[in-house]
Amino acid sequence: MLVLGIESSCDETGIALYDSQRGLLAHVLHSQIIMHRDYGGVVPELASRDHIRNALPLLEKILQRVGIERTSIDAIAFTQGPGLAGALLVGASIANALGLALNKPVIGIHHLEGHLLSPLLTQMPPPFPFVALLVSGGHTQLMQVDNIGAYQMLGETLDDAAGEAFDKTARLLGLDYPGGPEVSRLAEFGVPGAVKLPRPMLHSGDLNFSFSGLKTAALMHLSRIGSNVCRQEKANLARGFIDATVDILVAKAIAALNRTGMRRLIVAGGVGANRQLREALSIISDERGFDVYYPDLELCTDNGAMIALVGALRLQRNPAESNTSYAFTVKPNWDLSAIYNRD
Ligand code: KG4
Ligand code: ZN
């Protein structure tokens, strides 16, 4: 089954072709980061318009790259939520218009399920079951993944997401959007231990997170040392922020493995690209004897490949999930729990 995947939930237009026999054939991406950078974050209306400009040219590009006609597509998967309503509507309308024109089934995919299963696209995919640490700009969750569609929430953030904390801290430090990679680079020059930030909820005894206090602690630190902050002081703060964030994520992920008795952890979502987090997990997984899996680096952040993959997996398991009436809605606040164990 050849599935076209369309991702347009936020600031990346992603299109991909996934074949259930041959795997991922190709994926193309247009990032809007430069356009939103001047505003320090994503401007929803600009995002929607840019998806409109780019989605169809990207579709043509991928068909040419793979050397197939539209008519060879067997099904179309699109991100139905969560995300920005206007941006989601672009992907949803293109997917359903194509489905109608080609007389092919269309399926709406939960964006987080895409991230959750994205490590299945690697050369060495993790076998089920596993614990998933989902760390993106909008979500921080620990999930137990027993199989496709069989997910249990173990814990989640009570306020800011980890990526959001990165982005807000970057703004405090005068760094560009998106903040994660920038804070990570700056932290490389920071002196370990020079700035100590709290580790909220580290010992809470549950698997929930809280990151808003960490960002506030960074703000307090900056206001204490005054407005004329040199680069080294900024780097020290970036380092302190990352050390605290990584400590929390690693400790909670290990607690989730212990609680479920599992030995496999997958880390997905934009923050999963973070170098310091990967280094810490690599050391501790060797020490404790568990395996860590990531999507390929380019598939950590938003992309169409994970949407096409989930579309193929879901349609194979249950073809009735597809929409053949081509009437559609988007679900900007779609909770992942709505799709738990729905098979
Ligand atoms: O998964 P994603 O692309 O979009 C959402 O679904 O939210 O994640 C974007 C988030 C942003 O907050 C960005 O700052 C963060 O992932 N991010 C990183 C890194 N690359 C992206 N955070 C830390 N280190 C990185 N290398
Ligand atoms: Zn995402």
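Everything here concerns the structure above.
## Observations regarding the coordination of the zinc ion (ligand 2)
Here is step 1: For the zinc ion (ligand 2), every protein donor is listed as His111 (NE2), His115 (NE2) and Asp302 (OD), and the spread of their distances is 2.0 to 2.1 Å.
Here is step 2: The coordination sphere of the zinc ion (ligand 2) comprises four donor atoms, whose angles at the metal cover 94 to 139°; the geometry is irregular.
Here is step 3: In the primary structure, the donors to the zinc ion (ligand 2) are separated according to the pattern H-x3-H-x186-D. Of this pair, His115 sits in helix H4 (residues 111-117) while Asp302 sits in the loop between strand S10 (291-293) and helix H10 (305-317); the two residues are 187 residues apart in sequence, bridging distant segments of the chain.
Here is step 4: Its relative accessible area of 13% is what places Asp302 among the buried residues.

## With respect to the sheet that holds strand S5 (residues 106-110)
Here is step 1: Here we have five strands laid out as an open sheet, ordered S3-S2-S1-S4-S5, and mixed in their pairing. In the strand order of this sheet, the two ends are held by strand S3 (23-31) and S5, each with one partner. The average undirected angle you get between the axes of adjacent strands in this sheet is 20°.
Here is step 2: Two strands pair when backbone bridges link them, and strand S1 (residues 2-7) and strand S4 (residues 75-81) are joined in this way by four bridges, in the parallel orientation. Bridged to Gly5 within S4 is Ala77.

## Looking at the site of ligand 1
Here is step 1: Neighbouring ligand 1 are 19 residues, the closest being Gly137, Asp167, Gly180, Gly270 and Asn274.
Here is step 2: Take His111: an N or O atom from its side chain is 3.2 Å from an oxygen atom of ligand 1.
Here is step 3: Put simply, ligand 1 lies in the largest pocket.
Here is step 4: Mapped onto the shell around ligand 1, the elements with two or more residues apiece are H4, helix H5 (162-172) and helix H6 (179-187).
Here is step 5: Considering only residue class, the shell around ligand 1 consists of five nonpolar, twelve polar and two charged.

## Describing the pairing of strand S6 (residues 130-135)
Here is step 1: Among the six residues of S6, six are classified as buried, and the element is accordingly described as predominantly covered.
Here is step 2: Burial of the side chains of S6 extends over both faces: Phe130, Ala132 and Leu134 are buried on one face and Val131, Leu133 and Val135 on the other.
Here is step 3: Joining the antiparallel neighbours S6 and strand S7 (residues 140-147) is a turn of four residues.
Here is step 4: With four bridges joining them, S6 and strand S9 (residues 264-268) adopt parallel strand pairing. Pairing of Val131 across the sheet is with Leu265, part of S9.

## Section: the packing of aromatic side chains
Here is step 1: For the coordinates displayed, the defined rule picks out three aromatic pairs.
Here is step 2: Between Phe166 and Phe241, the ring centres sit 5.0 Å apart and the planes meet at 85°, which makes this aromatic pair edge-to-face. Taken together, the positions of Phe166 in helix H5 and Phe241 in helix H8 (residues 231-260) put the pair 75 residues apart, joining distant regions of the chain.
Here is step 3: On the accessibility criterion, Phe166 (3% relative accessible area) is buried.
Here is step 4: A relative accessible area of 0% means that Phe241 is categorised as buried.
Here is step 5: It is Arg278 that lies over the ring of Tyr294; its NZ or CZ is 4.0 Å from the centre.
Here is step 6: A cation sits over an aromatic face here: Lys331 above Trp334, 4.3 Å from the ring centre.

## Focus on the sheet that holds S10
Here is step 1: Across the sheet, five strands lie side by side as S8-S7-S6-S9-S10; this open sheet has mixed pairing. Taken across any chain shown, the strands that pair with only one partner, and hence form the sheet edges, are strand S8 (150-156) and S10. Each neighbouring strand pair of the sheet contributes to a mean axis angle of 25°, computed without reference to strand direction.

## With respect to the packing of helix H2 (residues 44-66) against helix H3 (residues 85-102)
Here is step 1: Two elements in contact, H2 and H3, have axes whose closest approach is 8 Å; the angle formed by their N-to-C orientations is 30°. One finds that H2 runs roughly parallel with respect to H3. In this structure, H2 crosses over H3, and the sense of that crossing is right-handed. Mapping the contact onto sequence places Ser48, His51, Ile52, Ala55, Leu56 and Leu59 in H2 and Gly86, Ala87, Val90, Ile94 and Leu98 in H3.

Cut-offs applied
Residues numbered from 1 in each chain as written. Chains lettered and ligands numbered in written order. Predicted model: local features only at pLDDT ≥ 70, side-chain atom pairs only at ≥ 80, totals over all residues. Heavy atoms only, no water. Donors = N, O, S within 2.8 Å, 3.2 Å for Na, K, Ca; no water. Tetrahedral: all angles 85-135°; square planar, octahedral: opposite > 155°, others 65-115°. Helix = DSSP H or I, 4+ residues; strand = E, 2+ residues; numbered from the N terminus. Buried < 20%, exposed > 50% of the residue type's maximum accessible area, 1.4 Å probe, protein only. Pairing = 2+ DSSP bridges. Axes fitted to C-alpha atoms, helices over the stretch in contact; angles between N-to-C directions. Near = heavy atom within 4 Å. Polar contact = N/O pair within 3.5 Å; in protein donor to acceptor, adjacent residues only side chain to side chain. 1 Å grid on protein atoms, 1.4 Å probe; cavity = no way out; pocket = protein on both sides within 12 Å on 5 of 7 lines; lining within 4 Å. Sits in = over half its atoms within 2 Å of the grid points. Nonpolar A, V, L, I, M, F, W, Y, C, P; charged D, E, K, R; others polar. Phe/Tyr/Trp six-rings, centres within 6.5 Å; stacked < 30°, edge-to-face > 60°. Lys NZ or Arg CZ within 6 Å of the ring centre and 35° of its normal. Parallel < 35°, antiparallel > 145°, perpendicular 65-115°, else oblique. Left-handed = near helix turned anticlockwise from the far one by under 90°. Contact = heavy atoms within 4.5 Å.

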